[in-house]
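Single-letter residue listing:
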Amino acid sequence: MSSLKPFLVACAPMVFVLLWSTGFIGAAMSMPYSEPFTFLGLRFLLTLAVLFGLALILKARLIMAPRQMGHVGVVGILVHGIYLGGVFFAVERGMPAALSALIVGLQPLITAAMAGPLLGETVTRRQVAGLLLGLLGVALVLGVKLAPAGAATLFEGFDIWAVLACVVALLGITFGLVYQKRFCGRVDLVGGAVVQYAVAALVCGAVALLFEDNRIAWTGEFIFALAWLVLVLSIGAVSLLMLLVRWGEAARTASLFYLVPPATAVTAYLLFGDRLTLVQLLGMALAAAGVALVVARQGPAGGAAVRAKT
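Summary of the structure given here. Numbering of residues starts from 1 in every chain and runs along the sequence as written. Per-residue local features of the predicted model are confined to residues with pLDDT of at least 70, and side-chain atom pairs are confined, for both listing and counting, to 80 or more; whole-chain, interface and lining totals are unaffected and use all residues. By convention in this description, side-chain values take in all heavy atoms of the structure and omit both hydrogens and water.

On to the overall build of the protein chain, then. Think of it this way: any DSSP run of H or I at least four residues long counts as a helix, any run of E at least two long counts as a strand, and we number them from the N terminus. When helices and strands are counted, the protein chain shows 13 helices and zero strands. The order of helices and strands in the protein chain, counted from the N terminus, is α-α-α-α-α-α-α-α-α-α-α-α-α. The contact criterion used is simple: two residues touch if any of their non-hydrogen atoms lie within 4.5 Å. A separation threshold of at least 6 residues defines the contact pool for the protein chain, and within that pool the share at least 24 residues apart is 88%. Here the protein chain displays about 14,100 Å² of accessible surface, and carbon together with sulfur accounts for 70% of that area. Per-residue and other accessible areas follow the Shrake-Rupley method at a 1.4 Å probe size, with only the shown protein chains counted as cover for residues.

In structure tokens, the structure reads:
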């Protein structure tokens, strides 16, 4: 095992990013058969059951001070409830998986912009240039999706509410990671994940009961998407991230997050036939370059970006 460890350490960050990118595909696969918050409530409950068993096996610290549990709960609402809720809501309203991945993929850029005023960190000119470049890239991709004049919606195939939902999701993951860095830096990873998913399940379940019909079509595709998102994303990706943190390689993962939108686009093309125009590809490349400028030098913001995904 010791001889394989360098190879595993080198491959783990890329594997983590590839796993994370499939979450957007899972959203696209599951939304025809369930409403977004009904699905998320069910997903979080199943994830919580598996994680709780894992916590007992690993003897993770589940008991924490009420104040600390409150901080972890806030992170759960922001990172799982608002972030995933926004993404699934946008996909359910017709937004392509690759475009939703691109918008929320601006997370490291927005985090860098917030790091100065909220965390007292230095934001360099290069990071500002990356932020502007990333925003230009997203504007190009969205511009191509504008609907023809006289159409009922602003964008072709989805409405402005889908875009706003992705923006809310972006703000949720961004504020969530900043909050976690400030208040939850020493929380046990498994125990903290249990609390986060428990709170997220309560919030999403409440939204589903209040505003949705809670109907699920138990098709083979839906069951596969649910199992994939629970086991591979919520459990597998988190477990892999814990190994990255243990091996001291967590910071490297942040520099690879700009690959999530292209990976999602390729997977969406293979599975759903989604096509991207040259202008959209250019916009995606600009957004990737912008994020790369922001995270090229590993710093506190980059590390925080990774920690938020636990």
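On to the side chain of Arg43. Turning to its location among the elements, Arg43 is positioned in helix H2 (residues 36-58). One buried charged side chain, Arg43, makes no salt bridge at all; its nearest oppositely charged neighbour is Glu212, positioned 14 Å away. With residues up to four places along the chain from it excluded, the contact list for Arg43 reads Leu84, Phe88, Leu226, Leu229, Val230, Leu233 and Ser234. The cut-offs for exposure are 20% and 50% of the maximum accessible area for each residue type, with area from a 1.4 Å probe on protein chains only; residues under the lower value are buried, those over the upper are exposed, and the others partly exposed. The sign given to each residue is positive for Lys and Arg and negative for Asp and Glu; His and the chain ends receive no count. A pair is scored as a salt bridge if a Lys or Arg side-chain nitrogen falls within 4 Å of a carboxyl oxygen belonging to Asp or Glu.

Looking now at the pattern of salt bridges. Per the stated rule, a full pass over the model turns up one salt bridge. As a salt-bridge pair, Asp159 and Arg93 come within 2.6 Å of each other at their nearest N and O atoms. On the criterion of sequence distance, the pair formed by Asp159 in the loop between helix H6 (125-144) and helix H7 (160-183) and Arg93 in the loop between helix H3 (66-92) and helix H4 (97-104) is long-range, its members being 66 residues apart. A relative accessible area of 15% means that Asp159 is categorised as buried.

Moving on, we get to H4. Counting buried positions over the eight residues of H4 gives eight, a clear majority of the element. Looking only at H4, the buried set comprises Ala97, Ala98, Leu99, Ser100, Ala101, Leu102, Ile103 and Val104.

On to the packing of aromatic side chains. Planes of paired rings set the category: under 30 degrees apart is stacked, over 60 is edge-to-face and the rest tilted, where pairs are Phe, Tyr or Trp rings (Trp by its six-membered ring) whose centres lie within 6.5 Å. Applying the stated criterion to the full structure yields eight aromatic pairs. For the ring pair Trp20 and Tyr83, a centre distance of 6.4 Å and an interplane angle of 5 degrees mean the geometry is stacked. One end of the pair, Trp20, is in helix H1 (residues 5-30); the other, Tyr83, is in helix H3, and 63 residues separate them in sequence. Relative accessible area serves as the criterion here: at 14%, Trp20 is assigned to the buried category. On the basis of relative accessible area, Tyr83 is assigned to the buried category, the value being 4%.

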